[in-house]
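A look at the structure
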Amino acid sequence: MTRLAAVALLSFAAGASFAQTGPEQAIRKAIEPRLGDGVKVDSVTKTPYGGLYELRIGSDIFYTDAKGDYLFIGRVVDTKTMQDYTKARVDEISKIKFSDLPLDSAMKMVKGNGKRVIAVFEDPNCGYCKRFRQTLNEMDNVTVYTFMYNILSEDSVTKSRNIWCSSDRVKAWDDWMLNGKNAPAAPANCTAPHEKIFALGQKLRITGTPTVFFSDGTRIPGAVDAKALESKLASIK
């Protein structure tokens, strides 16, 4: 969306015509051609604050005025309550149905009673993933499904395949992520679900690792620390 950032510095010269059409349709018609080739506005919705209209483009949220003359990039925050309306909307549209995840293509680690469940997409060459794995190593009463999402290098695919084809995948993953110990080379006849997980990650718009999904369908991108992770898990009913 770097092109959008540049566009935001300029006013849209031409206003939209509202004759015989709703404002949402007119805004889409006016703005979409100005965002560049291939950029599609998924929805235009009037917000209850400031007379702004929300533009949803994929999992990104932007705002415009009632005539579609200007594009606003940033967060809308209530100054009385400090509620971040933009973050709430991004969280909402980024939700998934946890039960739809192909858990048979993930490595399953159970600690303690395993009642708290998360899924995490990680790359074996991701430093932040290794940091997050240290956090998970110190937690208890959690079930972790790890999807090896190889997006950093071709070497990631090789490392993930070797780990997947190990006799104890979870141990092999921890050996590598926590201790830097390589898994033995995979047998020639062993296949790993790399293509399936890569396609899934693209579908879920996962752009970085680690990305953590919770049982309520929400996600947190990045290596969240133990305190924040415990707080999030406690908030899930």
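Above this note sits the structure.
Every value quoted in this text rests on a predicted model; they were computed, and no experiment measured them.

Here helix α4 (residues 127–137) crosses helix α6 (residues 169–179) at 115°, and the two axes come no closer than 9 Å. The orientation of α4 relative to α6 falls into the category roughly perpendicular. Classified by chirality, the crossing of α6 by α4 is left-handed. Within the contact between the two elements, α4 uses Cys-129, Lys-130, Arg-133, Gln-134 and Asn-137 and α6 uses Trp-173, Asp-174, Trp-176, Met-177 and Leu-178. For the contact of α4 with α6, a count of residues per class yields five nonpolar, two polar and three charged.

This part is about the packing of aromatic side chains. One pass over the full model with this rule turns up six aromatic pairs. Here Phe-121 and Phe-147 contribute two aromatic rings whose centre-to-centre distance is 4.8 Å and whose plane-to-plane angle is 15°, an arrangement assigned as stacked. You can see Phe-121 sitting in strand β6 (residues 116–122) and its partner Phe-147 sitting in strand β7 (residues 142–148), a full 26 residues away along the chain. Across this residue pair, the class does not change: Phe-121 and Phe-147 are buried. Arranged with centres 6.1 Å apart and planes meeting at 35°, the rings of Tyr-149 and Phe-198 form a pair that is tilted. Taken as a pair, Tyr-149 in the loop between β7 and α5 (154–164) and Phe-198 in helix α7 (residues 194–203) lie far apart in primary sequence, 49 residues in all.

On to the pairing of β7, then. The element β7 is largely enclosed, with a buried count of seven among its seven residues. A two-sided burial pattern is seen for β7, the buried positions comprising Val-142, Val-144, Thr-146 and Met-148 on one face and Thr-143, Tyr-145 and Phe-147 on the other. Sheet topology places strand β5 (residues 107–111) next to β7; five bridges connect them, and they run antiparallel. Within β7, the position partnered with Val-110 by the bridge is Thr-143. One ladder, built from seven bridges, connects β6 with β7; its direction is parallel. Across the sheet, the residue bridging to Ile-118 is Val-144, located in β7. One crossover worth recording links β6 to the parallel β7 by way of α4, and it is right-handed.

So, about the sheet that holds strand β4 (residues 71–72). Taken in spatial order, the four strands of this open sheet run β1-β2-β3-β4, and their pairing is antiparallel. In this open sheet, the two edge strands, each paired with only one partner strand, are β1 (43–46) and β4. Against the sheet, helix α3 (residues 85–93) contacts β2 (53–57) and β3 (60–64), and its axis sits at roughly 135° relative to β3.

Counting buried positions along β2 gives four out of five residues, so the element sits mostly inside the fold. Bridge count between β1 and β2: four bridges; the pairing is antiparallel. Note on β2: the bridge partner recorded for Ser-43 is Arg-56. Where β1 hands over to β2, the hairpin turn is made up of six residues, of which Gly-50 adopts a positive phi near 65°. With five bridges connecting them, β2 and β3 associate as antiparallel partners. In the sheet register, Tyr-53 faces β3, and the bridge partner there is Thr-64. Linking two consecutive strands that pair antiparallel, namely β2 and β3, is a turn of two residues; a positive phi of about 65° is found at Gly-58 within it.

Below, the discussion takes up the state of the cysteines. Cysteine pairs can be linked by a disulfide, which is a covalent bond between their two sulfur atoms. Taken as a whole and judged by the stated rule, the model has one disulfide. Bridging Cys-165 to Cys-190, the disulfide has an S-S length of 1.9 Å. Between Cys-165 and Cys-190, the S-S dihedral sits near -95°, and the bridge is therefore left-handed. Here Cys-165, found in the loop between α5 and α6, pairs with Cys-190, found in the loop between α6 and α7; they are 25 residues apart in sequence, far enough to count as distant. Judged by its relative accessible area of 17%, Cys-165 is buried. With relative accessibility at 18%, the residue Cys-190 sits in the buried group.

Definitions and cut-offs
Residues numbered from 1 in each chain as written. Predicted model: local features only at pLDDT ≥ 70, side-chain atom pairs only at ≥ 80, totals over all residues. Heavy atoms only, no water. Axes fitted to C-alpha atoms, helices over the stretch in contact; angles between N-to-C directions. Helix = DSSP H or I, 4+ residues; strand = E, 2+ residues; numbered from the N terminus. Parallel < 35°, antiparallel > 145°, perpendicular 65-115°, else oblique. Left-handed = near helix turned anticlockwise from the far one by under 90°. Contact = heavy atoms within 4.5 Å. Nonpolar A, V, L, I, M, F, W, Y, C, P; charged D, E, K, R; others polar. Phe/Tyr/Trp six-rings, centres within 6.5 Å; stacked < 30°, edge-to-face > 60°. Buried < 20%, exposed > 50% of the residue type's maximum accessible area, 1.4 Å probe, protein only. Pairing = 2+ DSSP bridges. Right-handed = clockwise from strand over helix to strand, strands pointing away. Disulfide = S-S within 2.5 Å.

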